[in-house]
Amino acid sequence: MAAIDANENPSGPTNLPPPTTTAEKGDRLVATLLEEDLPETERGAADTNVANLLDTVLGDPDSTSYELTFDEVDDRISEFQEDTLVKQAFAKVGKRELKLNLTTTQLHTVCWKGVDLREYAKQIESELDEIEHLHVLDYVKQSRSLVDLHSQIQTCDQILENMEKLLSGFQADLGNISAEIETLQEQSQTMNIKLKNRTAMQQMLNSVFNGIVLSPDLIRKISEGEVNEFFLQHLADLNAKMTYVKNQQGRHIHSLKDVGPELERLRLKAAEKSRDFLLKKIESLKAPNTNIAIIQQNILLKYKELYSFLLERYMEAAAEIRQNYVNTVSNYYLASFDKYIKSLLKLQMVIADKLDLIGYEESAKRGLFTGKLVLKDKTNVFTLGDRLQVLTNPDPGIILTHVAEDQNMKFAYEAIFKSMNRLMMDNACSEYIFTLDFFAAPKSRQNRMFAGETASAIFVEIFDPTLKLLTATFKQHVDNSFDAVGILLCIRLNSQNIRIMQKRRIPCLENFTNAINMLLWPRFQAIMDMHIESLKKAVASKLISSKDVHPHYVTRRYAELAASILTLNQGYDDALLNNSLLRVRSEVESLLIRMSGEFADKKSRLVFLINNFDLVATILSEHAAASFDQEKAYFNATLDNKTAEYVEEELRPHFLELMAFVTRSEADPGVLSYDPDKFEKVATSFNNSWKAALTSINGSVMQSFPNFQNGARILHGAFTQMLLYYKRFLTLWEKRFGNKKQRVQPIGMQSVMVEIKKFR
């Protein structure tokens, strides 16, 4: 066992008191190892202290103060290593990378291998001295840089000190400026409030001054000035002042009592001058050949503020102006239209009378003494023709009577009807717009509905006599008219007039146009009833006394009337027109059947009906409008049926034996057992007569039907039907005999077709 002197410590630190016990020495070592904040220059001394403390803990082997066995040393070292503070100290030493390299394993190795701890501590101390020396040399090398850095830091400190003083001065100045700004803001707010109060007071004073102060110029212009544009300006100023004074009646303004009488005198004077001026201008409308529209637009509307002033300030004078205007203009329009209507009626062309009905005989129109057909100055009663232009022509169609009289022009009534209505519409629209602008109160002008009611009331007063005159004129003609086409044209013109007024957005003539419709439609229906009644009462024997199979004039009348009505119904599809036309068609068809009964033979009756139905179909086919489709389909179907009947009648005299044999044989199941003589007899008869029969049929058809196209169509149908009969016969022949030769051979189908082609 080696002896260790625990009291001897030659290399221990001189600045620490010597530890008294081993535990204190261990604690001193741990505290030294835990030192983290020492600068680099002091860490060498600290490391030396660690070594000295370690020697003290382990003891000096040369010391004789007390002795420890190796087992005791090993226990103490183990206890020392297990201590928490020692573990933390060695961990810190490892983190700082101390050059001691004192790990637990090394310390254990030193202790157990018998290394002299003093020598080992001295080695560590020498290494630390070397490191310290290296650090000192490094610091010496960097001394100049450190001096320059120290100088720069001092310079920066001086600059920052000056900046601090400058900013402190700025802060003090800003504080003073902020206080001054707050003072200025308070003064500005005070001044702003004073300015608003003074401005409001000035506005109130200006309003009062402008409302009650009467300038000498205003008084002089109203009292002595002429009525012109300047008078209107001063009148507006006066009216504004009167309105202001009236609105201020509840306020205690002493000056209102002073200005009130002056305003009243000016009101009376202005009303007097306005009334006299307007009455004078209205009186000028009574002059002969006056263009009322020019006076309305250039004078009355220009000075409409005079009437507005009277309406607001002097109701009695305004009512007088209004009534005077209504009477004057009403008489003007009544006289003008009365004169124009009389001039137009002299230009009327006679179109139809009570004898111009579908079912009446032509002889009824002959003269009483001459016996000749009376040719009136008129177009065809039932044909539309050029009369349609009155609807399609975009020209307003207003007839200038003096020009027409000079040129001896005549017009159908629908043209006169259009001229009257269009002239009346133009004047009515102009008058309605004028009354809406002139007579409506200033406040009501902003309300379109109320202004319209006012204008409508005045318009009715003005135009009521004229509209009654026009209605009576139309009624007189309509009640005595027998021209269904003319009445229907007037109905369509009236519909156009309604659309024109709707497009103009002027409702003043709605009642008038509705009244005209109530006149026209019943009369049109009455005329159609007359046509139907004439057809029912028609005597067939008188109408077809000549026994002519050509188209009858009754059929032409109906076809032309139907085409006219259907043309005028295009785009309207009036059920009333369709029903009326259907009734007329039924009666015409019934009359034609009665007239065909006057012929002795069925063939002539069919020829007569086919010619008449063909005439109707031909006339209707000239029109491509959709409204014609139903009528065209009906007559084409009827024509086809009658044509089929006629073909049978035409073939029967020539091919009766063939037709009867084919019809009977096809219905008899035992046709294959017929006697060959029957077939040969039919074939012989056909072979001997078919060429002559074709020639006869061709001549008969061409002579019976004046319409070449219709005749060609019927002839083609007859030949086709004959070929069908003959082909059916050949089919029966082949079934009966097959390829067997007979004494008589029927003519081949090809030969018959070649012969038929010659008649094309």
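Computed from a prediction, not measured in an experiment: that's the story for all the values here.

About the criteria used
Residues numbered from 1 in each chain as written. Predicted model: local features only at pLDDT ≥ 70, side-chain atom pairs only at ≥ 80, totals over all residues. Heavy atoms only, no water. Helix = DSSP H or I, 4+ residues; strand = E, 2+ residues; numbered from the N terminus. Polar contact = N/O pair within 3.5 Å; in protein donor to acceptor, adjacent residues only side chain to side chain. Contact = heavy atoms within 4.5 Å. Salt bridge = Lys/Arg side-chain N within 4 Å of Asp/Glu carboxyl O. Buried < 20%, exposed > 50% of the residue type's maximum accessible area, 1.4 Å probe, protein only. pLDDT = per-residue confidence, 0-100. Phe/Tyr/Trp six-rings, centres within 6.5 Å; stacked < 30°, edge-to-face > 60°. Lys NZ or Arg CZ within 6 Å of the ring centre and 35° of its normal. Axes fitted to C-alpha atoms, helices over the stretch in contact; angles between N-to-C directions. Parallel < 35°, antiparallel > 145°, perpendicular 65-115°, else oblique. Left-handed = near helix turned anticlockwise from the far one by under 90°. Nonpolar A, V, L, I, M, F, W, Y, C, P; charged D, E, K, R; others polar. Core = buried A, V, L, I, M, F, W, Y, C linked by side-chain atoms within 4.5 Å.

Within the secondary structure layout, His-552 lies in the loop between helix 20 (540-543) and helix 21 (553-568). From its side chain, His-552 meets the backbone nitrogen of Val-554 in a polar contact 3.1 Å long. Contacts of His-552, omitting those with residues within four sequence positions, involve Leu-543, Ile-544, Met-595, Phe-608, Asn-612 and Leu-615.

Any two side chains of opposite charge can pair if their charged atoms end up close together. Per the stated rule, a full pass over the model turns up 25 salt bridges. Residue Arg-275 pairs with Glu-320 through a salt bridge whose shortest N-O separation is 2.8 Å. With a gap of 45 residues between them, Arg-275 in helix 10 (residues 254-283) and Glu-320 in helix 13 (residues 315-345) connect regions that are remote in the sequence. A residue is classified by how much of its surface remains accessible, and Glu-320, at 32% relative accessible area, is partly exposed. Where Asp-479 meets Lys-475, a salt bridge forms, and the shortest distance between an N and an O atom there is 2.8 Å. In this pair, Asp-479 and Lys-475 both sit in helix 17 (residues 448-479), four residues apart, roughly one turn of the helix. Overall, the relative accessible area of 35% leaves Asp-479 in the partly exposed class. Assessed through its relative accessible area of 41%, Lys-475 is described here as partly exposed. It is possible to trace a salt-bridge network through shared partners that takes in Arg-275, Asp-276 and Glu-320.

As a further point, take the environment of Ser-168. Tracing the sequence through the fold places Ser-168 in helix 7 (residues 143-212). Looking at Ser-168, the relative accessible area reads 40%, which means it is partly exposed.

Okay, the confidence of the model for the protein next. If pLDDT is low for a region, its predicted coordinates should not be looked at in detail. Averaged over every residue, the pLDDT of the protein is 81; residues scoring 70 or more account for 79%. In the predicted structure, residues 19-23 sits below a pLDDT of 50 and forms six contacts with residues beyond four places in sequence or in another chain. Note that pLDDT drops below 50 for residues 367-378; the model gives that stretch 19 contacts with residues more than four away or on any other chain.

What follows covers unusual backbone geometry. Positioned with a positive phi, Asn-408 is a non-glycine residue whose angle comes to about 55°. Owing to a relative accessible area of 68%, Asn-408 belongs among the exposed residues under this scheme. Positive phi is not limited to glycine here, since Asp-573 has a value of about 55°. Relative to the helices and strands, Asp-573 is located in the loop between helix 21 and helix 22 (575-596).

Let us now look at the packing of aromatic side chains. Tallying each qualifying case throughout the model produces 33 aromatic pairs. On the basis of an interplanar angle of 15° and a centroid distance of 5.2 Å, the ring pair of Phe-434 and Phe-438 is categorised as stacked. Highlighted residues: Phe-434 and Phe-438, both in helix 16 (residues 413-438), separated by four residues, approximately one helical turn. Pairwise contacts between aromatic rings join Phe-655, Phe-661, Tyr-674, Phe-679, Phe-686, Trp-690, Tyr-726, Phe-729, Trp-733 and Phe-737 into one cluster. The positively charged end of Arg-523 is found above the aromatic ring belonging to Phe-482, 5.4 Å away from the centroid. The ring of Tyr-674 has Lys-678 sitting right over it, with the charged end atom 4.8 Å from the ring centre.

So, on to the packing of helix 19 (residues 510-537) against helix 21. Contact geometry of helix 19 with helix 21 gives a least axis separation of 13 Å together with a crossing angle of 160°. With respect to helix 21, the axis of helix 19 lies roughly antiparallel. In the packing of helix 19 onto helix 21, the handedness of the crossing is left-handed. Note on element contacts: helix 21 touches helix 19 through Val-554, Leu-561 and Ile-565, opposite Phe-524, Met-528, His-531 and Leu-535. For the contact of helix 19 with helix 21, the class distribution of residues is six nonpolar, one polar and no charged.

What follows is about the nonpolar core. A general feature of soluble globular proteins is that nonpolar side chains tend to end up buried together. Counting 170 residues, the largest nonpolar core has Met-424, Leu-509, Phe-655 and Phe-729 as its most contacted members. Per-element tally for this core: the top contributor is helix 16, with 13 residues. What Phe-729 contacts, discounting residues up to four positions off in sequence, is Leu-658, Phe-661, Val-662, Phe-679, Val-682, Ala-683 and Pro-746.

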